[in-house]
Amino acid sequence: MMVDINFKNIRAYDGSQQNGFEELVCQLARLMPPEDAKSFIRKEGSGGDAGVECFWLCSDGSEYAWQAKYFTEALDSSQWSQIDESVESAINKHPNIRRYYVCVPRDRTDSRRKNKMGEPVVTALDTWNLYRKKWEKMALAKGHEIEFIYWGKSELVDILQKDDPIYTGKVLYWFDAAVITSEKLKNIAMNAKLCLGERFTPENHVELPIIEKLICIDRAEDWRDEIRTIVSDIYGCRKNIDAIARCSFLMSEKEAVLKELVESYDRFFTDVIECKDNDAILFSRVTDYCNQIKVLINILNDLGDTIYNMNVKEPESRNDRADINNQINNARRVLERYAVLFKDEKIQAGKLRRLLITGEAGSGKSHLLCDFVLRRIDDGLPTVFLLGEHYHGGDPIHFLAETLDLTNHSSTSVLGALETIGVTYKTNTLIVIDAVNEGNYRGDWYSYINKFILDLQQFEHIAVIFSCRNTYTNFIIPDTVLKDIPQIVHRGFEGFEKRAALKYLSKQDISIPAVPFLAPEFSNPLFLKITCKALKERGLKEFPKGLRGYNNLFEFYLDSIQDVVRRVKGIYRTDTVHRIVDAMAKKLYPDCL
């Protein structure tokens, strides 16, 4: 890849090009770990970074650090002083630095000319060498040996020119100001919202627990809060574990078991706390966490059984053992809760960065996803919202590029740009494709969806959510994908029928029925919406009563479907849907009609 990169045109980030350049340098540094790298740390805070924008921490405690200065013109004495101040701050505040990169989007001059007096002209390279010797001497005086490396324009361009989609995507994102702006993503989402029509009605929104299933693949602030809660809850078990370990009557019979309990818990918590600021660690260790929890629960069960046997033998003193029994139960409840969570589809979706939502027609899949996307857009999180009805067949990445107005760029560059946005905003760039079962080319998904997912999986900060009507799933999505993608089923208002009905009925000025909604159709948002609309159009203020009343409701529903058939298919008979339903019922139940 050969492109002309002009750092004066770098995309602004967080309000300035200086911040954009710093972010780009940190992203490049992240991609260049030392051989013994342990973790990458991006520092925050304008002017308070201790001379370091980011650094790699090595297993021996040493650090490889980067400092970025957005100077695009020839460096003058003031700018060299700023660089000098940052380096001195880093030497004083980061005693473990072994390599320090000074990054400036400007190459050093080395003219080798002489002035009118015949004296050599002091060039930028000469100035760098003078400062480098000064810094090396300063570091040695403190007992450190630091290698200082200059990353100028040519060094940065060489890195960005690598023939790798991760790098080409960064060039596309940071230096093409017309591509993938927040405003563009917002416009795409709003256009999709308009196309959904009555399938998305925010005024009738009912908050349902299924939204919690999206929190992990979302990787937004709510997910970070949940990780902190996980760590806090598991840490909270320590007081239970310590109390159990000090129990005198258990110590006499289970000393070795108690020692194993403490050691197993300490190992588990030490592993868990490392994921507090890095969910990638959680995803990589989730199976190990489950195994460690299993060991701890087995130990607690053993101790619980011991107390039970003591209570059977000495019932008169069981109250003396009640507190420890509660401690065991409390610790076990926390561990069991997370044993379930770590195996949940929510965590698997975040780990694998893909999710399939299925459900019956009208269950609210489109409403759920549209509401979810608009929340992310409002929070400034990168999200591409696509509708299956707009898919024109072939490679879905072309569908993605067309929506983003990037058809002149390669597929890898488009995905690389989306990856860069995710890295920049410290989240996943989320591609949401609603209703892959719709559109004239829906059959193409069967041939292309597996490759599409594999292409996306090359990028650690891109995730995808599909939705599909359950009756189409096996025809649209091949078994190779279905067996390897986390799935959740949207069951509409099931379990929340009354709350949903209150919302809908109050909006339509219809009285709340005194009897419960027993018919399963009332858990379907589309059915409830159409029924309320039909009642209002007929001037009714309450639901019809009795069996005949329910029959009337279903008649209203069929009438609404008839209106859709007439509009879409151009069939002007008024009884088409009724005749079809009657014929189907007679086939299904010939002896009952």
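Just above, that's the structure.
From a predicted model like this one, the values you see are computed outputs, not experimental measurements.

Visitor: What am I meant to see in the sheet that holds strand β10 (residues 487–489) here?
Guide: Working definition: the strands of a sheet are paired by backbone hydrogen bonds and lie parallel or antiparallel to each other. With parallel pairing, five strands are arranged side by side in an open sheet as β7-β8-β9-β6-β10. Each of the sheet's edge strands pairs with one partner strand only, and the pair in question is β7 (383–387) and β10. Each strand of the sheet is rotated relative to its neighbour by a mean of 15 degrees, with strand direction disregarded. Inspection of the sheet shows strand β6 (residues 354–359) paired to β10 by three bridges, in the parallel sense. Bridge assignment links Thr-358 to a residue of β10, and that residue is Val-489. Taken strand by strand, helix α14 (residues 396–403) contacts β7 and β8 (429–434), and its axis lies near 110 degrees from that of β7.

Visitor: Please explain helix α15 (residues 411–424) as it appears in this structure.
Guide: Working note: α-helix, 3.6 residues per turn, so residues spaced by three or four point in the same direction. In a regular helix each residue adds 1.5 Å, so 14 residues correspond to 20 Å; α15 covers 20 Å between its end C-alpha atoms and thus fits that length. For α15, the set of buried residues is Ser-413, Val-414, Leu-415, Gly-416, Ala-417, Leu-418, Glu-419, Thr-420, Ile-421, Gly-422, Val-423 and Thr-424. Following α15 by one or two positions, Lys-426 has its phi on the positive side, about 55 degrees.

Visitor: When you look at the packing of helix α11 (residues 322–343) against helix α12 (residues 345–352) in this model, what are you seeing that I'm missing?
Guide: Axes are the key here: two packed helices are described by the angle between their axes and the distance separating the axes. Contact geometry for α11 and α12: axes closest at 5 Å, N-to-C directions at 45 degrees. Classed by the angle they form, the pair α11 and α12 counts as oblique. Along its contact with α11, which presents Leu-341, Phe-342 and Lys-343, the element α12 presents Glu-345, Lys-346, Ile-347 and Gln-348. Taken together, the residues of the contact of α11 with α12 break down into three nonpolar, one polar and three charged.

Visitor: Whenever I open this one, the pattern of salt bridges confuses me. Can you help?
Guide: Pairing between side chains of opposite charge can happen when their charged atoms approach one another. For the coordinates displayed, the defined rule picks out 26 salt bridges. Close ionic contact of Asp-279 with Arg-219 constitutes a salt bridge, the shortest N to O distance being 2.8 Å. With Asp-279 in helix α10 (residues 279–313) and Arg-219 in the loop between α7 (215–218) and α8 (221–245), this pair connects stretches of sequence that are 60 residues apart. Assigned by exposure class, Asp-279 and Arg-219 land together as buried. We note a salt bridge from Asp-266 to Arg-238, for which the minimum N-O separation is 3.5 Å. A residue pair is termed long-range when its members are at least 10 positions apart, and Asp-266 in helix α9 (residues 248–273) and Arg-238 in helix α8 qualify at 28 residues.

Visitor: Would you explain a negative patch on the surface in this entry?
Guide: On the surface, a cluster of negative charge is contributed by Glu-212, Asp-222, Asp-378 and Asp-379. Tracing the backbone shows Asp-222 in helix α8. Judged by relative accessible area, Asp-222 falls into the exposed class, the value being 52%.

Visitor: How do you make sense of the pairing of β6 when you look at a structure like this?
Guide: Two faces, one strand: in a regular strand the side chains alternate between the faces of the sheet. Burial within β6 is extensive, with six of its six residues counted as buried. Here β6 shows two buried faces, one formed by Arg-354, Leu-356 and Thr-358 and the other by Leu-355, Ile-357 and Gly-359.

Visitor: Is there a simple way to think about the packing of aromatic side chains in this case?
Guide: The way to describe two aromatic rings as a pair is by their centre distance and the angle between their planes. Scanning the entire structure with this criterion turns up 26 aromatic pairs. Here the aromatic rings of Phe-21 and Tyr-70 are separated by 5.8 Å at their centres, their planes lie at 45 degrees, and the arrangement is tilted. Placement of the pair is Phe-21 in helix α1 (residues 17–30) and Tyr-70 in the loop between β3 (63–68) and α2 (77–93), with a sequence separation of 49 residues. Relative to Phe-269, the ring of Tyr-235 lies with its centre 5.3 Å away and its plane at 45 degrees, an arrangement referred to as tilted. Of the two residues, Tyr-235 sits in helix α8 while Phe-269 sits in helix α9, which places them 34 residues apart along the sequence. Members of the aromatic cluster, each reached through a chain of ring pairs, are Trp-80, Tyr-100, Trp-128, Tyr-131, Trp-135, Phe-148 and Tyr-150. Positioned over the ring face of Tyr-173 is Arg-11, at 4.3 Å from the centre of the ring.

Visitor: Where do I start with the pairing of β3 in this structure?
Guide: Counting buried positions over the six residues of β3 gives five, a clear majority of the element. In this structure, strand β2 (residues 54–58) lies alongside β3, joined through four bridges in antiparallel fashion. Among the inter-strand pairings, Cys-54 is bridged to a residue of β3, identified as Trp-66. Between the end of β2 and the start of β3, which pair antiparallel, lie four residues, with Gly-61 showing a positive phi angle near 95 degrees. Here β3 pairs with strand β4 (residues 97–103) via six bridges, running parallel.

Visitor: I tried to follow the sheet that holds β3 on my own but got confused; where do I start?
Guide: As summarised here, the arrangement of the five strands in space is β1-β2-β3-β4-β5, forming an open sheet in which the pairing is mixed. Either end of the sheet is taken by a strand with one partner, and the two such strands are β1 (37–42) and β5 (147–151). Each neighbouring strand pair of the sheet contributes to a mean axis angle of 15 degrees, computed without reference to strand direction. Docked against the sheet, helix α3 (residues 124–141) engages β4 and β5, running at close to 150 degrees with respect to β5.

Visitor: Help me understand the nonpolar core, please; the structure alone is not making it clear to me.
Guide: If you look at soluble globular proteins, the nonpolar side chains tend to sit buried side by side. In this structure, Phe-385, Leu-404, Leu-418, Ile-465 and Phe-466 are the most contacted members of the largest nonpolar core, which totals 104 residues. With residues up to four places along the chain from it excluded, the contact list for Leu-404 reads Ile-180, Lys-184, Leu-185, Ile-188, Val-384, Val-414 and Leu-418. Among the nonpolar cores identified, the runner-up in size contains 43 residues, and Phe-268, Val-272, Cys-275 and Ala-331 belong to it.

Visitor: Where do I start with the side chain of Glu-226 in this structure?
Guide: Its location among the elements puts Glu-226 in helix α8. Not counting residues up to four positions away in its chain, the partners in contact with Glu-226 are Ile-215, Leu-341 and Lys-346.

Visitor: How should the environment of Asp-582 be read in this particular structure?
Guide: Secondary-structure assignment places Asp-582 in helix α22 (residues 576–588). Of the residues examined, Asp-582 reaches a relative accessible area of 45% and is grouped as partly exposed. Taking the C-alpha atoms as reference, Asp-582 lies 48 Å from Asp-455; in sequence the two are 127 residues apart.

Visitor: Just checking my understanding: could you explain the state of the cysteines for this structure?
Guide: Formally, a disulfide is one covalent bond, and it connects the sulfur atom of one cysteine to the sulfur atom of another. Tallied over the entire structure, the rule returns zero disulfides. Unpaired in terms of disulfides, Cys-237 finds its nearest cysteine sulfur in Cys-275, a separation of 14 Å. Cys-237 gets classed as buried once you look at its relative accessible area, which sits at 1%. For the unlinked cysteine Cys-275, the closest cysteine sulfur is that of Cys-216, found at 11 Å. Residue classification places Cys-275 among the buried residues on the basis of a relative accessible area of 0%.

Calculation notes
- Residues numbered from 1 in each chain as written.
- Predicted model: local features only at pLDDT ≥ 70, side-chain atom pairs only at ≥ 80, totals over all residues.
- Heavy atoms only, no water.
- Pairing = 2+ DSSP bridges.
- Helix = DSSP H or I, 4+ residues; strand = E, 2+ residues; numbered from the N terminus.
- Axes fitted to C-alpha atoms, helices over the stretch in contact; angles between N-to-C directions.
- Contact = heavy atoms within 4.5 Å.
- Expected span 1.5 Å × (residues − 1).
- Buried < 20%, exposed > 50% of the residue type's maximum accessible area, 1.4 Å probe, protein only.
- Parallel < 35°, antiparallel > 145°, perpendicular 65-115°, else oblique.
- Nonpolar A, V, L, I, M, F, W, Y, C, P; charged D, E, K, R; others polar.
- Salt bridge = Lys/Arg side-chain N within 4 Å of Asp/Glu carboxyl O.
- Patch = residues over 30% accessible without salt bridge, like charges linked within 9 Å, V, L, I, M, F, W, Y side chains within 5 Å.
- Areas by Shrake-Rupley, 256 points an atom, 1.4 Å probe, with all protein chains shown as cover.
- Lys, Arg positive; Asp, Glu negative; His and termini not counted.
- Charge placed at Lys NZ, Arg CZ, Asp CG, Glu CD.
- Phe/Tyr/Trp six-rings, centres within 6.5 Å; stacked < 30°, edge-to-face > 60°.
- Lys NZ or Arg CZ within 6 Å of the ring centre and 35° of its normal.
- Core = buried A, V, L, I, M, F, W, Y, C linked by side-chain atoms within 4.5 Å.
- Disulfide = S-S within 2.5 Å.

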